[in-house]
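What follows is each chain in one-letter form.
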Amino acid sequence: MRNYANPTNFLAAARVATPILATLTGALLGVGLYLAWFVAPADYQQGETVRIMYLHVPAAWLSMFIYVTMTFAALGSLVWRHPLADAAQKAAAPLGAGFTFLCLVTGSLWGKPMWGAWWVWDARLTSVLVLFLIYLALVALWRTIEDPGKAARAAAIFTLVGAVNIPIIKFSVDWWNTLHQPASVFRLGGPAIAGSMLWPLLVMALAFTLLFLTLHIMAIRNEILRRRLRRLSIQTADADRSEFSAPASLGTAR
Amino acid sequence: MTRKQKRLALIASGAAVVSLAVGLVMFALRDNIVFFYSPTELAEKPATNGARLRIGGLVKPASLDRQGDQTVRFTVTDMKHDIAVTYTGLLPDLFREGQGVVAEGALRPDGVFHADSVLAKHDERYMPREVADALKKQGVWQEEGKSEGKPAAVPAQTAPQGAQAY
């Protein structure tokens, strides 16, 4: 039972935190989108198209942040065998896929008017596409393996191997010639973006982060409850048919 | 070592091996991973024999020559080497002199790069029009794109937009 103490605490904390986080997310998203669409100035080169950046860049940051979160959860799964880490891993993968998809789509919509191409195979775009495929593969892996413990271990190993892609994405624009521009905010010598555009971007980034946290906590909660349900139904089935089969997995094996 | 430490050590060594392998692969493939060559890189390469490739750099100021029927000639530069480019077709909106550009095509024996597609390359600077105008009016352009109004004393000619991107 010791192992389930933490998920129980988590459930109690999540019940309190979810509505607060959801309210904050909604408010901040509202403010951020208002700033991005109506307050922030048009760019001297890109004109109004620059407003895509307020969705694209936070989505891109989140796509990497979620993967880093998932990597730490994978370590928690593999090294400490913590069930909460399993749930955190599983809950993060579809969210990461969602944010990466948003990043790819908004980038493509920006690329056509600015570059003159919807898509090019440069190092940045390709490595982000690989990230998207990794997320999809993880979702598929979780659904392929029925036993939650085994699925968590397989997904954790896959996640750790895929983590090598994260520094490649970040530094692709510095290591190789790419069509994608280098970093504007996190760069040596300070941001290359005017203050009147940076603030709306940071508000949007915070709003996206809170959106992820809210959805992640809700998804972990669902996952914990789903596992309890699974265990209960196995116990019931075992009790019903105890004369046919040995009580195999009561969830105590791990 | 406890079991946890053993697992952690196993993961750490696995991560080291994977990183090393990927690093070596990327180093070996670095010529294929780059999206374009700068004029200097192209000059250092052995003869390309008309192979398809992409070149990237800045459109040299005052080099754009429109020849009618959508044919344009311009020079791509990285401040060290220049390449003459000829292209027939529609240019992207952001195509401007002094602006980054990537052209795909082949270098012909006459030394002219015949492009069949031209993409504009945007740099990492974002600023409102008024700020850009004010900076140009003062006769200074931002060094390294510092946005908080600290225009360095770099004349527009020697530090065009995005020059540091190449």
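Residues numbered from 1 in each chain as written. Chains lettered and ligands numbered in written order. Predicted model: local features only at pLDDT ≥ 70, side-chain atom pairs only at ≥ 80, totals over all residues. Heavy atoms only, no water.

> Can you help me understand the pattern of salt bridges in this one?
Two side chains bearing opposite charge may form a pair once their charged atoms approach each other closely. Residues and elements named next belong to chain A. One pass over the structure, following the stated rule, counts 11 salt bridges over all chains. One salt bridge in this structure joins R227 and E223, with 2.9 Å as the shortest N-O distance. Linking R227 with E223, this pair stays in helix α7 (residues 195-240), spanning four residues, or about one helical turn. Overall, the relative accessible area of 14% leaves R227 in the buried class. For E223, a relative accessible area of 4% gives the class buried. (Salt bridge = Lys/Arg side-chain N within 4 Å of Asp/Glu carboxyl O. Helix = DSSP H or I, 4+ residues; strand = E, 2+ residues; numbered from the N terminus. Buried < 20%, exposed > 50% of the residue type's maximum accessible area, 1.4 Å probe, protein only.)

> Explanation requested: the confidence of the model for chain B in the structure shown.
Close inspection of predicted coordinates is inappropriate in any region flagged by low pLDDT. Residue and element names in this part refer to chain B. Scored by pLDDT, chain B comes out at a mean of 80, with 83% of its residues at no less than 70. Every residue in residues 142-166 scores below 50 in pLDDT, and together they form 59 contacts with partners more than four places removed in sequence or on other chains. Scored as a complex, the prediction yields pTM 0.85 and ipTM 0.76. (pLDDT = per-residue confidence, 0-100. Contact = heavy atoms within 4.5 Å.)

> I would appreciate a short explanation of the UniProt feature "binding site: heme" (unreviewed entry) in chain B in the present structure.
UniProt's feature table lists "binding site: heme" (unreviewed entry) at H122 and Y126 of chain B, given in the numbering used throughout. Of the annotated residues named above, the ones that line the largest pocket are Y126 of chain B. With respect to the secondary-structure elements, H122 of chain B resides in the loop between β6 (112-121) and α4 (129-137). With a relative accessible area of 1%, H122 of chain B lands in the buried category. Dropping the residues within four chain positions of it, H122 of chain B is found in contact with D43, Q45, Q46, W110, W115 and Q181 of chain A together with L94 and Q99 of chain B. A polar side-chain atom of H122 of chain B sits 3.0 Å from a polar atom in the side chain of Q46 of chain A. Structurally, Y126 of chain B is set in the loop between β6 and α4. Excluding anything up to four places from it in sequence, Y126 of chain B contacts D43, Q46, V50, M53, Q181, S184, A192, I193, A194 and M197 of chain A. A distance of 3.1 Å separates the side chain of Y126 of chain B from the side chain of Q181 of chain A, its partner in a polar contact. (UniProt positions renumbered as here; feature names shortened; annotations may be inferred. 1 Å grid on protein atoms, 1.4 Å probe; cavity = no way out; pocket = protein on both sides within 12 Å on 5 of 7 lines; lining within 4 Å. Polar contact = N/O pair within 3.5 Å; in protein donor to acceptor, adjacent residues only side chain to side chain.)

> Where do I start with the UniProt feature "transmembrane region" (unreviewed entry) in chain A in this structure?
All names here are of chain A. Residues annotated by UniProt as "transmembrane region" (unreviewed entry) correspond here to residues 12-39, 59-80, 92-111, 123-142, 154-173 and 193-220. When the span residues 92-111 is considered, its composition is 100% helix and 0% strand, and the gap between its end C-alpha atoms is 28 Å. Taken end to end, residues 154-173 comprises 90% helix and 0% strand; its first and last C-alpha atoms sit 31 Å apart.

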